[in-house]
Amino acid sequence: DPPVVMGVLNVTPDSFSDGGSFPDVESAVARADQMVRDGAAIIDVGPESTRPGAGAVPDDEQIRRAVPVIRAIRQRQPDVGLSIDTQSAVVARAALEAGADWINDVSALRTDPNMARLAAYAGAPVVLMHMLGTPRTMQTDPTYVDVVREVVDFLEERIAFAASAGIALDRIVIDPGIGFGKTVEHNLALLAGLNVLTAIGPPVLIGASRKSFIGRVLGVEDPRDRLSGSL
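Fair warning: this is a prediction, and the values are worked out from it, not measured in the lab.

Calculation notes
- Residues numbered from 1 in each chain as written.
- Predicted model: local features only at pLDDT ≥ 70, side-chain atom pairs only at ≥ 80, totals over all residues.
- Heavy atoms only, no water.
- Salt bridge = Lys/Arg side-chain N within 4 Å of Asp/Glu carboxyl O.
- Helix = DSSP H or I, 4+ residues; strand = E, 2+ residues; numbered from the N terminus.
- Buried < 20%, exposed > 50% of the residue type's maximum accessible area, 1.4 Å probe, protein only.
- Polar contact = N/O pair within 3.5 Å; in protein donor to acceptor, adjacent residues only side chain to side chain.
- Contact = heavy atoms within 4.5 Å.
- Core = buried A, V, L, I, M, F, W, Y, C linked by side-chain atoms within 4.5 Å.
- Pairing = 2+ DSSP bridges.
- Axes fitted to C-alpha atoms, helices over the stretch in contact; angles between N-to-C directions.
- Parallel < 35°, antiparallel > 145°, perpendicular 65-115°, else oblique.
- Left-handed = near helix turned anticlockwise from the far one by under 90°.
- Nonpolar A, V, L, I, M, F, W, Y, C, P; charged D, E, K, R; others polar.

## Some remarks on the pattern of salt bridges
Part 1: Per the counting criterion, the structure on display carries 7 salt bridges.
Part 2: Between Arg64 and Glu61 there is a salt bridge whose closest N-O contact spans 2.7 Å. Of this pair, Arg64 and Glu61 both sit in helix 2 (residues 59–76), separated by 3 residues, roughly a single helical turn.
Part 3: A relative accessible area of 55% places Arg64 in the exposed class.
Part 4: Among the salt bridges present, the one from Glu61 reaches Arg65, with a minimum N-O distance of 2.9 Å.

## Quick word on the side chain of Ser88
Part 1: Secondary-structure assignment places Ser88 in the loop between strand 3 (81–85) and helix 3 (89–98).
Part 2: The class of Ser88 is buried, set by a relative accessible area of 6%.
Part 3: A polar contact is formed between the side chain of Ser88 and the side chain of Asp59, at a distance of 3.0 Å.
Part 4: In contact with Ser88, not counting residues within four places along its chain, are Asp59, Asp112 and Met115.

## Remarks on the nonpolar core
Part 1: Counting 57 residues, the largest nonpolar core has Leu9, Val45, Ile70, Ile73 and Ile103 as the members making the most contacts within it.
Part 2: Counting 6 residues, the second-largest nonpolar core is a separate cluster that includes Met6, Trp102, Val127 and Val173.

## Re the sheet that holds strand 1 (residues 6–10)
Part 1: With respect to topology, 6 strands assemble into an open sheet ordered 1-2-3-4-5-6, the strand pairing being parallel. Edge positions in the sheet fall to strand 1 and strand 6 (172–175), since each has one partner strand and no second. Mean inter-strand twist for the sheet, computed between neighbouring axes without regard to direction, equals 25°.
Part 2: Running over the sheet, helix 2 touches strand 1, strand 2 (42–46) and strand 3 and is turned about 175° from strand 3.

## Comments concerning the packing of helix 3 against helix 4 (residues 115–122)
Part 1: Taken N-terminus to C-terminus, the directions of helix 3 and helix 4 make an angle of 20°; their axes are 9 Å apart at the nearest point. Between helix 3 and helix 4, the angle is such that the two are roughly parallel. The element helix 3 and its partner helix 4 pack so that their crossing is right-handed. Contacts between helix 3 and helix 4 pair Ala89, Ala92, Arg93 and Leu96 from the former with Met115, Leu118 and Ala122 from the latter.
Part 2: Residues that form the contact of helix 3 with helix 4 fall into these classes: 6 nonpolar, no polar and 1 charged.

What follows is the structure, encoded as structure tokens:
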């Protein structure tokens, strides 16, 4: 299948590039509409920042931020894919009930023991991402012997876990976790090794937009000015 674009819609006050940009349902839906017009096939709604150093957000606050936005986008954009970016099964269930299709779990089903069961029951596609530690700790001296091989091994183990929980293989997407416990060199090695990642089998999601390694390579401090490197 051809590549598709996922637009990221963070409904948070503290995400690294757009935190606080969409403080209400109207502004968030307008942004989603614009992303669809620009060619996004999937909108990923994030109610909890996962930038380096970020802490956890309670379930009820995540639901308050995400569910009205998901419901409104679904009403206006019936054909767009909608993804909920959360590590909580409670939040994911509320999002699916509001109209989301996908579960994007940066912990690869490790944080919440109920997440795999929910994804299997709902038949929802699930994104399994590699991350060292947690967002709060992931950038504290990340070290690998062979970053591509170690990420592949992790993702293969998570695929096996998901399948054992009843998640169909054709509902699994893998993500090497660009910027999640990686140095600039690690991120570049993973991008150069995408042929190894795609050989695993499932579709591969790459979330590289505006991240700090692009700024380091290009000498661009402000994330809002990193679009050219992202493209």
